[in-house]
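Each chain, letter by letter, is given below.
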Amino acid sequence: MAHEAQARTDAERLERRLVRIGRYRVAAFLGAVVFLFLMETSPREWWTVLIGSASVAGVLFFILVSRYRGAGKELRVARLRETLNREALARLDRNWDLLPSAPVLAAPHDHPSADDLDLVGPASLSRLIGRVGTVPGRAVLARLLLDPFAPLPSEASELLARVESEPRVPRQFPGPGWLESLLERQEAVKVLAEHWDIREGVERAAREREGGARADDTSRFVEWLTQPTWLDQHRFCLYAGSVLAIVTPLSAVTWFLGVTPGVLPLLGALAAHAVHRVVGPQAAIRFAAAESGEGDLRIWSAQLALAAQLPEGVTLLDRLRRSVGEPAPGAVRAIEGLIRIVDTSRVRHSSLTHFPLVTLFSWDVHVLHSLERWHAKHAAASVRWLPTVGELEVLAALGGMVHDHPDWTFPEFVGEPSGGIRANALGHPLLAPERCVRNDVEVPPPGRLLLVTGSNMAGKTTLLRAIGVNQILALMGAPVAADRMRTRPLLPWCAMRVRDSLESGVSYFLAELQRLKRVVDAARAGPALYLLDEVLQGTNSAERRIAARIVLGNLVRTAAVGAITTHDLRLAATPELERQAVDVHFREEVVERDGVRTLEFDYLLRPGPATSRNALLLLKMVGLETDE
């Protein structure tokens, strides 16, 4: 709130300054014009004074033009800061409509939890984390959200594979060193939470240049980085271009002076165009590939400059800072050099300029040579700069989440394979703090399950999603919406939002069975977290209870832990579930106001099974009278 107010105050002050400088600039210009016009009607002895006055006004005008541009840039930065802080408040209030549209992260249709837990989409965990503006940033965020056990790649080509195609189904188990990497990320996020200037700078760098490179453009740029150079294999073109760049203009000058015949510059021009016929197509391909990354090059430069300023003494931040290179920061200077070469190569888009430059100086040969010298010197390192940009951007976004939610905490991971999940004051991260009701939750160890009962709208599904979303945050190295959480490296597998498919000829019941089969297979494969909402509600009650007992019996015989919900109290009362389940429930209260009966929910979790029903009362509340 304070940052947003300060940014708004700065913007208003700069706007007043801009208006004031604009008025002075107009006055200086008019003054210079007036002094010059007065020379027409003034005695000649006054001209010196008038010319001097016009000169002073002209100099002042150009100074004010420069000041106006500088003030305009400062105002744009202040307005952007105000916008970023306003969006942070909108995320804090979970007011998704006030957030700008952002590139949608892709999740596979068969992802075990993306749709059920709202990991991606308009009102999702990805939008709560914050706007990640670069292609590498989106790739890192997608990897952490949708495949949290996969290691982050160290090179750009592997990282961007996440963006180029539909993501694969995530790996179910962590590999060696995963927990150490996660703890390093937690430490880095905690530190960045205290450095709002770095966090804001990272986001502002991406937002100052809207319309950066698209994923396919960035991939094209990275592909160019990994390709071999061309001129090294065609040195005769470089030698010919170098000789012609001296001989052709020199012969043109000597012909103009009448020293040599005109056939010499003509032969030089023909030779230059012959070389261009060989070099030009290859140069155009490489210029276009380098230029395809230009939309993000300036963003990467600004963000890598911030990476060079990261605090010392934090393992992950130290690694990111070292990746920028020395002298400080080598990556920034290299990218700025590439930007200059790309700007120079754009001459090819103007035939009026490009043709004479090619004719006289073999222009494309020399620009391509500069580009390939840069490639030879920096390409191997630059493919590692993009993962640095992506990881820094996501760490900054997670640091912002820590700053905005001081009552959240970082989870503790335990190694006991027979343990469950325990959380104190667990809430759903996607609910606004003033609407979020927190509960103490314990998912029992393998061999048992958490059975959540209660009437419709009481909060059962929200509880499952709260467990799942917080588990994803924990696996990302982010804080969770709880006072305390002890968990294990378990990937959530869900069956909540089940949909039939007319096109595929799949009924709701069959679709639900297919989802449950995937969950059971994952549980049989090894430790997992299963979250099932209203198991097999697509069939009749008698068969449902039998089938549900079979499914749940398969799950409790695995190393997985999990929770299920049901409002079928007969299912909850079966002997098998009574032995295997830890019962908790939500309760509602029937309140009568002005002769109208309504339901009130406190969304507080209580031990034991539920005993109430509310379906008939809900029918009456929506205007569908019953005979009972």
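Throughout, a residue's number is its position along its own chain's written sequence, starting from 1. A pLDDT threshold of at least 70 governs which residues receive local features in this predicted model, and a stricter bar of 80 or more applies before side-chain atom pairs are shown or counted, although totals over entire chains, interfaces and linings include all residues. Hydrogens are left out, water is left out, and the side-chain values use all remaining heavy atoms of the structure.

**Quick notes on the overall build of the protein**
Spelled out, the test is: Numbered from the N terminus, helices here are DSSP runs of H or I no shorter than four residues, and strands are runs of E no shorter than two. Throughout, exposure labels follow a simple rule: accessible area from a 1.4 Å probe, protein chains only, divided by the maximum for the residue type, with under 20% read as buried, over 50% as exposed, and the rest as partly exposed. Between two residues, a contact is recorded if the distance between any of their heavy atoms is within 4.5 Å. Values of accessible area rely on a 1.4 Å probe in the Shrake-Rupley scheme; residue burial ignores everything except the protein chains shown.
Secondary structure assignment for the protein yields 21 helices and twelve strands. In the protein, which comprises 628 residues, the proportion classed as buried is 51%. Looking at the protein alone, contacts between residues at least 24 apart form 76% of all its contacts between residues at least 6 apart. Summed over all atoms, the accessible surface of the protein reaches about 30,200 Å², with 57% contributed by carbon and sulfur.

**Observations regarding the sheet that holds strand β1 (residues 412–413)**
The following threshold applies: Between any two strands, at least two bridges found by DSSP are needed for them to pair.
Taken together, the four strands give an open sheet; going across it, the order is β1-β5-β2-β3, and neighbouring strands pair in mixed fashion. Every other strand in the sheet has two partners, leaving β1 and β3 (439–443) as the edge strands with one partner each. Note: β1 against strand β5 (residues 484–487), two bridges, orientation parallel. In the strand pairing of β5, F413 is matched with T487.

**Remarks on unusual backbone geometry**
One non-glycine residue with positive phi stands out, namely A425, at about 55°. Along the chain, A425 falls in strand β2 (residues 421–426). In this structure, E534 takes a positive phi of about 50° despite not being glycine. With respect to the helices and strands, E534 occurs in the loop between β7 (529–533) and α18 (541–556). For E534, a relative accessible area of 7% corresponds to the buried category.

**Section: the sheet that holds strand β6 (residues 492–495)**
What counts here: Inter-axis angles, ranging from 0 to 180 degrees, are taken between N-to-C directions of lines fitted to C-alpha atoms, where helices are fitted over the stretch in contact.
Ordered in space as β6-β7-β8-β4-β9-β12, the six strands form an open sheet in which the pairing is mixed. Every other strand in the sheet has two partners, leaving β6 and β12 (606–607) as the edge strands with one partner each. As paired elements, β7 and strand β8 (residues 561–566) share five bridges and run parallel to each other. Across the sheet, the residue bridging to L531 is A563, located in β8. The strands touched by helix α16 (residues 460–476) within the sheet are β4 (449–453), β6, β7 and β8, with β7 carrying the most contacts at an inclination of about 155°.

**Points about the pairing of β3**
Burial along β3 is one-sided: N439, V441 and V443 are buried, and none of D440 and E442, which face the opposite way, are. Note that β2 and β3 share four bridges and pair antiparallel. When the sheet's bridge partners are listed, L426 is paired in β3 with N439.

**Quick notes on the packing of helix α6 (residues 178–193) against helix α12 (residues 315–324)**
Filter applied, for reference: Orientation labels follow simple angle bins: below 35 degrees gives roughly parallel, above 145 gives roughly antiparallel, 65 to 115 gives roughly perpendicular, and whatever is left gives oblique. Polarity classes work like this: nonpolar for Ala, Val, Leu, Ile, Met, Phe, Trp, Tyr, Cys and Pro, charged for Asp, Glu, Lys and Arg, and polar for all others, with Gly in that last group.
Between α6 and α12, the least distance of the axes is 7 Å, while the angle of their chain directions is 85°. Comparing the axis directions of α6 and α12 gives the class roughly perpendicular. Residue-level inspection shows E184, R185, E187, A188, V191 and L192 of α6 in contact with α12, the latter providing T315, L316, L317 and R319. Taken together, the residues of the contact of α6 with α12 break down into five nonpolar, one polar and four charged.

**Some remarks on helix α8 (residues 215–226)**
Helical geometry: 3.6 residues make up each α-helical turn, so side chains three or four residues apart lie on a common side. This is how the line gets drawn: Every helix has an expected span of 1.5 Å times one less than the residues it contains.
Its twelve residues place the ends of α8 17 Å apart at the C-alpha level, agreeing with the 16 Å of an ideal helix rising 1.5 Å per residue. Taken as a whole, α8 has its buried residues at A215, D217, T218, S219, F221, V222, W224 and L225.

**Section: the side chain of R348**
Its place among the elements puts R348 in the loop between α13 (330–345) and α14 (351–361). When neighbours within four sequence positions are excluded, R348 is seen to be in contact with F287, A288, E291 and H354.

**Let's talk about the pattern of salt bridges**
In plain terms, the rule: Here a salt bridge means any side-chain nitrogen of Lys or Arg lying within 4 Å of a carboxyl oxygen belonging to Asp or Glu.
Enumeration over the complete set of coordinates arrives at 26 salt bridges. Note that R79 and E82 form a salt bridge whose closest N and O atoms lie 2.9 Å from each other. Of the two residues, R79 and E82 are both situated in helix α2 (residues 47–92); the distance of three residues between them amounts to about one turn of the helix. When its relative accessible area of 9% is taken as the criterion, E82 is described as buried. In this structure, the salt-bridge partner of R346 is E291, at a minimum N-O distance of 3.4 Å. One end of the pair, R346, is in the loop between α13 and α14; the other, E291, is in helix α10 (residues 263–292), with 55 residues separating them in the sequence. One salt-bridge network, held together by shared partners, links E291, R298, D343, R346 and R348.

**Quick notes on helix α7 (residues 196–207)**
When the terminal C-alpha atoms of α7 are compared, their 16 Å separation across twelve residues agrees well with the 16 Å that a helix rising 1.5 Å per residue should span. Of all twelve residues in α7, nine are buried, a share of seventy percent or more. Looking at α7, one finds that the buried residues are I198, R199, E200, G201, V202, E203, A205, A206 and R207. Check the buried side of α7 and you find it contacts α2, α6, α11 (294–307) and α15 (363–404).

**Here's the deal with the packing of aromatic side chains**
What counts, and what does not: Any pair of Phe, Tyr and Trp rings, taking the six-membered ring for Trp, is counted once the centres come within 6.5 Å. Such a pair is stacked with planes under 30 degrees apart, edge-to-face with planes over 60 apart, and tilted for the rest. The criterion for a charge sitting over a ring is simple: Lys NZ or Arg CZ within 6 Å of the ring centre, and within 35 degrees of the ring normal.
For the structure shown, the criterion picks out eight aromatic pairs. Geometrically, the ring pair formed by F29 and F61 is tilted, given 5.5 Å between the ring centres and 50° between the ring planes. Here F61 lies in helix α2 and F29 lies in helix α1 (residues 2–41), a separation of 32 residues in the sequence. For F29, a relative accessible area of 44% puts it in the partly exposed group. Taken together, a centroid distance of 5.4 Å and an interplanar angle of 70° make the contact between F61 and F62 edge-to-face. The class for F62 is exposed, based on a relative accessible area of 59%. Among the aromatic side chains, those forming a connected cluster through ring pairs are F221, W224, W300 and W374. Lying over the aromatic face of Y68, R25 brings its terminal NZ or CZ to 4.1 Å of the ring centre. Across from the ring centre of F410, 5.0 Å away, lies the NZ or CZ of K190, which sits over that ring.

Geometry only, nothing functional implied.
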